[in-house]
Amino acid sequence: MESTILMTSFVAFVLFFVIRHIWRSNPIGRRHNTQRLPPGRMGWPLLGETSSYLKPHLATTPGRFMEQHISRYGKIFKTHLFGHPTVVSADPELNNFILQNEGRLFECNYPSSMAGILGQWSMLFVVGDMHKHMRSIALKFMSNTKLRSHILQEIHSHALYTLKSWRDKQLVSAQAEAKKYTFNLMARQIMSCNPWEPQTEYLMREYFSFMKGVVSAPLNLPGTTYRRALKSRATILEILRKKMEERSESDINHEDLLSTVMEEGSLSTEQILDLILNLLFAGHETSSIALTLAIYFLAGSPESMKRLRSEHLGIVRVKERPEMDSCPNWEDYKRMQFTQCVINETLRLGNVVRFVHRKALQNVQFKGFEIPAGWKVLPVFDAVHLDSTVYENPMEFYPWRWQNVESGTYFTPFGGGPRLCTGVELAKVEIAVFLHHLVLHYGWELVESDVPLVFPFVEFEKGLQIRLHLLDDNN
Ligand code: HEM
Ligand SMILES: *[C@@H]1O[C@H](CO)[C@@H](O)[C@H](O)[C@H]1NC(C)=O
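What you are looking at is a predicted structure, and each value in this text was computed from that prediction instead of being measured.

(A) Molecular detail of the coordination of the iron atom of ligand 1. Of the protein atoms, Cys 421 (SG) alone serves as a donor to the iron atom of ligand 1, at 2.3 Å. Topologically, Cys 421 is positioned in the loop between helix 17 (381-385) and helix 18 (424-441).

(B) Seen up close, the sheet that holds strand 1 (residues 57-58). Within the open sheet, the three strands sit side by side as 1-11-12. Their pairing is antiparallel. In this open sheet, the two strands that pair with only one neighbour each are strand 1 and strand 12 (458-460).

(C) Representation of helix 5 (residues 92-100) within the structure. Pro 92, Leu 94, Asn 95, Ile 98 and Leu 99 are the residues of helix 5 that are buried. With its buried residues spanning 165° around the axis, helix 5 presents them on a single face. A side-chain oxygen of the first residue of helix 5 lies 3.0 Å from the backbone nitrogen of Glu 93; this N-cap is Asp 91.

(D) Main features of the packing of aromatic side chains. Taken as a whole, this structure holds 25 aromatic pairs when the rule is applied. Residues Tyr 53 and Phe 355 carry aromatic rings whose centres are separated by 5.5 Å and whose planes lie at 65° to one another, so their mutual orientation is edge-to-face. Of this pair, Tyr 53 sits in helix 3 (residues 50-53) while Phe 355 sits in the loop between helix 16 (337-350) and strand 6 (358-360), and the two are 302 residues apart along the sequence. Each member of the pair, Tyr 53 as well as Phe 355, carries the same accessibility label: buried. For the ring pair Trp 402 and Phe 411, a centre distance of 4.4 Å and an interplane angle of 50° mean the geometry is tilted. Judged by relative accessible area, Phe 411 falls into the buried class, the value being 14%. Chaining the aromatic ring pairs together yields one cluster made of Tyr 53, Phe 65, Tyr 73, Phe 77, Phe 82 and Phe 355. Lying across the ring of Phe 208, Lys 179 places its NZ or CZ 5.9 Å from the centre. Sitting above the plane of the Tyr 391 ring, Arg 348 keeps its charged end 5.2 Å from the centroid.

(E) View of the site of ligand 1. Within the structure, ligand 1 sits among 26 residues, and Tyr 110, His 131, Arg 135, Arg 358 and Cys 421 are positioned closest to it. In the environment of ligand 1, an oxygen atom lies 2.6 Å from a nitrogen or oxygen atom belonging to the side chain of Tyr 110. Only helix 7 (128-141), helix 13 (269-299) and helix 18 provide two or more residues apiece to the shell around ligand 1. Tallying contributions element by element places helix 13 first for the shell around ligand 1, with six residues. Its residues assigned to classes, the shell around ligand 1 comprises 16 nonpolar, seven polar and three charged.

(F) Expanded view of the sheet that holds strand 2 (residues 76-81). Read across the open sheet, the five strands follow the order 2-3-9-6-4; overall the sheet is mixed. Pairing within the sheet leaves two strands with one partner each, and these edge strands are strand 2 and strand 4 (106-108). Ignoring strand direction, the axes of neighbouring strands in this sheet form an average angle of 35°. One ladder, built from four bridges, connects strand 3 (residues 84-89) with strand 9 (residues 376-379); its direction is parallel. Bridge pairing in strand 9 links Val 88 to Leu 378. Helix-sheet contacts for helix 4 (residues 63-73) involve strand 2 and strand 3, and the interaxial angle to strand 2 is about 130°.

What counts and what doesn't
- Residues numbered from 1 in each chain as written.
- Chains lettered and ligands numbered in written order.
- Predicted model: local features only at pLDDT ≥ 70, side-chain atom pairs only at ≥ 80, totals over all residues.
- Heavy atoms only, no water.
- Donors = N, O, S within 2.8 Å, 3.2 Å for Na, K, Ca; no water.
- Helix = DSSP H or I, 4+ residues; strand = E, 2+ residues; numbered from the N terminus.
- Pairing = 2+ DSSP bridges.
- Buried < 20%, exposed > 50% of the residue type's maximum accessible area, 1.4 Å probe, protein only.
- Arc of directions from axis to C-beta.
- Polar contact = N/O pair within 3.5 Å; in protein donor to acceptor, adjacent residues only side chain to side chain.
- Phe/Tyr/Trp six-rings, centres within 6.5 Å; stacked < 30°, edge-to-face > 60°.
- Lys NZ or Arg CZ within 6 Å of the ring centre and 35° of its normal.
- Near = heavy atom within 4 Å.
- Nonpolar A, V, L, I, M, F, W, Y, C, P; charged D, E, K, R; others polar.
- Axes fitted to C-alpha atoms, helices over the stretch in contact; angles between N-to-C directions.
- Contact = heavy atoms within 4.5 Å.

Put into structure tokens, the structure is as follows:
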């Protein structure tokens, strides 16, 4: 017995040095002049430092991995993540440089395992002309004129629909409610689904199961989250496919994305399906967590809450016939200036999208370092947003800092350059209008302590349970 253990340890020991030797002498390590590569260590060949990079941590911090690496190596370092040699950047200037040089020096490069679940025609995977084309469709769909003319009205009625469902409740899960609100809104914009229809709820359940697969390990085995997600993906696509068939046989004109892309006629059915699924994904998950974070930060900052409520009372009171539940118009929205500060501050401190995946298309020199062609490049936004040399007291929720325009210099919650999020304005209106009605009707506090964690999607472990206090109308 003892000798077997000894033998096994010995073999493991030898294997360790053999693998290390092969790794150190492999071409990736040798090809470049290592002097000019950023500092850092590559970790184990296969996994590299991925698991410690992805370790769950508080969303309002950059996490131990980033903190330790930055203090050891500086804001630009090399490592081995997601199966590739990688340069990680917590440097505000390099991050902007990467985003602005999309398609020239760098290119979007998400892990190929994600394509199985999101689809090969996802906007995260397409590049070049196809990306330009899909992007223009997404931009048209969420254009500013549309937002003003009818999406604002839709957002308003969905927000009220959610708040009305709280009428007899004292406790709600802010996270679950925010997810329903943004899902219903996107489902309505994309394919005219109404929140009270049973099919919408069915779609939502399937969609949540699909979502879990995006971040789970891509193991297509019985019983895995990934397998269930693939099944949900197929179910959702089947529903969408049926909708497309119904529409091509009828003359009813729907004013939604599905009809727009079908009439446009340039995309194949497969491409349309992936695009729609992706907009549902991109537009729902992010804004729901942003709204949940705003509710969380406001509960912990009575001063911000007071200022926010007085802004929204002001907007209602200046009307000729003040009514609490009337739809804010575009001018009202533009007057929600402190609200915009709250939204920016929420995105800065909460960091919904922590980083984006890129690769270097050629050897790139920056601040004396070389980023070799073919390497993965990760601009990490949260490390900049929480950097005390960029923001004073970065851990504090302080919306007033946004009254100083300089706060925006290195602020990239929506990415930037040719891949800047196409939903920026939509997301902001969604959050602002929901907060408008929320602060006019309710005060709230956390039921139990709960914190946003990074999994790497930001999520509240307990769903952010809040206790509601209905305000009386002349408050
Ligand atoms: C607070 C909410 C949101 C945040 C923080 C957010 C963040 C981001 C980020 C960081 C990117 C860049 C990804 C990259 O460069 O690789 C992105 C892209 C994108 N977002 Fe958003 N987003 C939000 C809401 C929305 C909404 C409401 C929509 C509407 C459907 C949307 C649609 C998209 C699309 C289509 C892209 C891909 C753009 C392209 O590749 O050209 N997002 N988003
Ligand atoms: C919020 O941040 C954006 C950059 O994403 C900036 O353009 C805008 O001016 C900021 N808003 C406020 C109110 O500071």
